[in-house]
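Summary of the model geometry
Listed below are the residues making up each chain.
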Amino acid sequence: MARFASLLCIFLTLFSAVTANSVAPARRWLNFGYGLGEKVRGVNIGGWLVLEPYINLSLFKQFPAHHIPVDEYHFCRYLGKKECLRQLKRHWATWVTEKDFAQMAAAGLNHVRMPVGYWAFSLLEGDPYVQGQLPYLDRALRWARKYGLKVWIDIHGLPGSQNGFDNSGLRDSYAWQTDSNMDASLSIMEAMITRYAAPHWNDVVTAVQPVNEPLGPVLDRSKIEAYYDYSYYELRNVVDSDICLALHDAFYPQTSWNSFLQYPKYYHVILDHHAYQVFSPGEVARDQAAHLAQTCVEGQNILATSLWTVVGEWSAALTDCTQWLNGVGRGARYDGTYSLNGGSSYVGSCRRRWDFSSWTAQEKANSRQYVEAQMDAYEQGLGWIFWCWKTENAIEWDFSSLLQKGIIPQPLDSRKFPKACNF
Ligand SMILES: *C1O[C@H](CO)[C@@H](O)[C@H](O)[C@H]1NC(C)=O
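First things first, this report covers the structure right here in the doc. What you see is a predicted model; the values in this text were computed from it and never measured.

Calculation notes
- Residues numbered from 1 in each chain as written.
- Predicted model: local features only at pLDDT ≥ 70, side-chain atom pairs only at ≥ 80, totals over all residues.
- Heavy atoms only, no water.
- Near = heavy atom within 4 Å.
- Polar contact = N/O pair within 3.5 Å; in protein donor to acceptor, adjacent residues only side chain to side chain.
- Areas by Shrake-Rupley, 256 points an atom, 1.4 Å probe, with all protein chains shown as cover.
- Nonpolar A, V, L, I, M, F, W, Y, C, P; charged D, E, K, R; others polar.
- Disulfide = S-S within 2.5 Å.
- Helix = DSSP H or I, 4+ residues; strand = E, 2+ residues; numbered from the N terminus.
- Buried < 20%, exposed > 50% of the residue type's maximum accessible area, 1.4 Å probe, protein only.
- Contact = heavy atoms within 4.5 Å.
- Core = buried A, V, L, I, M, F, W, Y, C linked by side-chain atoms within 4.5 Å.
- Pairing = 2+ DSSP bridges.
- Right-handed = clockwise from strand over helix to strand, strands pointing away.

1. Thoughts on the site of the ligand
- Around the ligand, a shell composed of Asn56, Ser58, Leu59, Trp95 and Glu392 is seen.
- Between the ligand and the protein, one listed contact pairs an oxygen atom with a side-chain N or O atom of Asn56 at 2.6 Å.
- When the ligand sits alone it has 350 Å² of accessible area, and the protein chains cover 56% of it.
- When its residues are assigned to classes, the shell around the ligand shows two nonpolar, two polar and one charged.

2. A short note on the state of the cysteines
- Summed over the entire model, instances satisfying the criterion amount to three disulfides.
- Across a sulfur-sulfur distance of 2.0 Å, Cys296 and Cys421 are joined as a disulfide pair. Judged by the torsion about the S-S bond (-85°), the Cys296/Cys421 disulfide is left-handed. Highlighted residues: Cys296 in helix α10 (residues 288–303) and Cys421 in the segment after α12 (399–404), separated in sequence by 125 residues. The two residues Cys296 and Cys421 agree in class, both being buried.
- Residue pairing for Cys321: its cysteine sulfur links by disulfide to Cys350, the two sulfurs lying 2.0 Å apart. Judged by the sign of its S-S torsion, about -75°, the cystine formed by Cys321 and Cys350 is left-handed.

3. Overview of the environment of Asp203
- As for its placement among the helices and strands, Asp203 is situated in the loop between α7 (179–196) and β4 (205–209).
- Judged by its relative accessible area of 30%, Asp203 falls in the partly exposed class.
- Sequence separation between Asp203 and Leu402 is 199 residues, and the spatial gap between their C-alpha atoms is 29 Å.
- Excluding residues that lie within four positions of it along the chain, Asp203 makes contacts with Asn31, Arg145 and Lys150.

4. Regarding unusual backbone geometry
- Cis rather than trans, the peptide bond between Tyr263 and Pro264 has omega equal to 5°.
- With respect to the secondary-structure elements, Pro264 resides in the loop between β5 (244–248) and β6 (269–275).
- In the segment running from Gln410 into Pro411, the intervening peptide bond is cis, with an omega of -10°.
- On the secondary structure map, Pro411 appears in the segment after α12.
- Located in the positive-phi region is Glu213, a residue other than glycine, with phi close to 45°.

5. Here we look at the nonpolar core
- Counting 118 residues, the largest nonpolar core has Trp48, Phe101, Met114, Ile153, Tyr196 and Phe399 as its most contacted members.
- Ignoring any residue separated from it by four or fewer positions in sequence, one finds Trp48 in contact with His91, Trp92, Trp95, Val96, Met114, Tyr136, Leu137 and Ala140.
- Formed by twelve residues, the second largest nonpolar core is a distinct cluster that contains Val40, Ala246, Val310 and Ile385.

6. With respect to the pairing of β4
- Where burial is concerned, most of β4 is hidden: five out of the five residues are buried.
- Inspection of the sheet shows strand β3 (residues 150–157) paired to β4 by four bridges, in the parallel sense. When the sheet's bridge partners are listed, Ile153 is paired in β4 with Val208.
- As a crossover connection, the stretch from β3 through α7 into β4 is right-handed.
- As paired strands, β4 and β5 are joined by two bridges and run parallel to one another. Across the sheet, the residue bridging to Val208 is Leu245, located in β5.
- Regarding topology, helix α8 (residues 221–238) serves as the crossover connection from β4 to the parallel β5, and that connection is right-handed.

7. Focus on the pairing of strand β8 (residues 383–387)
- Counting buried positions along β8 gives five out of five residues, so the element sits mostly inside the fold.
- As judged from the five bridges shared by strand β1 (residues 40–44) and β8, these two strands associate in the parallel manner. Bridge pairing links Arg41 to Trp384 in β8.
- As defined by bridge partners, strand β7 (residues 308–314) adjoins β8 across two bridges and the pair is classed as parallel. Note that in β8 the partner of Val311 across the bridge is Trp384.
- For the handedness criterion, the β-α-β arrangement of β7, helix α11 (residues 361–378) and β8 is classed as right-handed.

Set out below in structure tokens:
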């Protein structure tokens, strides 16, 4: 029998026995005041250990225009392992440095989410990916420790891809839930948790996330839940760690998780919700008032959710204009050039959106107001983690750059546009 299926049977028996005895386990001290009013304010290091074309455009522009890889899988396949490793080593070594962590701390941030692909832990037969990421991840953890930042380790891509997004490593594939890919995923999840939930990292790694954005509607939800259950078991009962388990809502309503892994039988479980308003024609067509109204709805949804909630990804984007945001070779919905799913219709020109210096004062104000409203809404829960810390040229997705431009408030809780919602 496939490992996942047999594990599931063993697990269901074992787990009910174990948890029945541990209704009130000794809670070891958590290194951050989750649930005690301390708010998560963080950034994701996107585009680092998992490449995304829109985050570091020039890496992908070395290829002929008709042969641009759409994701890291094809990036390495086109270059071959030797050259891929050479380029990625340089990228891993330079994309973030100690200075970035110092700047994060100085900006008032307290969290960093670090996405990493399964291939950093284990390669499947025939994979073009290269390895060597983990020493760089460990070095980043030591910098985070030095500047008092807490870290979530997030498996952003699993074998076969859990969502078909380019940011899973392999675009347009949805094969995560085959027996062999689930089996491989379990081993990889165990390796990640064993390595990063170890006591040695407990002062800095405060959460592990076994998978990013499993695309609920095309997957089997019961297998997602089984994978989450097993991750909890691995973290608490195998590795014996009390750090948080962060679980993405799989694009289901957050409240639909209100009877899943609940306190007090389960504890330190965080529901990770991602909030973007640019990935459908209806969303990019919203005006400022409609974007803000939706932000307030997000805050209400968080208040209705029983698990601890962190918005583990969000951005300042009011358009999908950033080049290749929707994937290499795909246009933007905002200017009507999007090519998939029946296309899109024109809302406005994308040209000026790439260049912050050409934004009008009104556009700058809208952007800041949207950021402030989101921070307020997401702090109705445990807080937020912005996507990304830095980019090459994607202004609406670049916290460090928005910080310099005065779009991100400093200090983080100062407000130019208070009370967009009634929170
Ligand atoms: C993105 O990648 C290129 C090519 O490797 C590199 O030279 C460049 O500095 C990167 N961009 C940023 C903003 O770091």
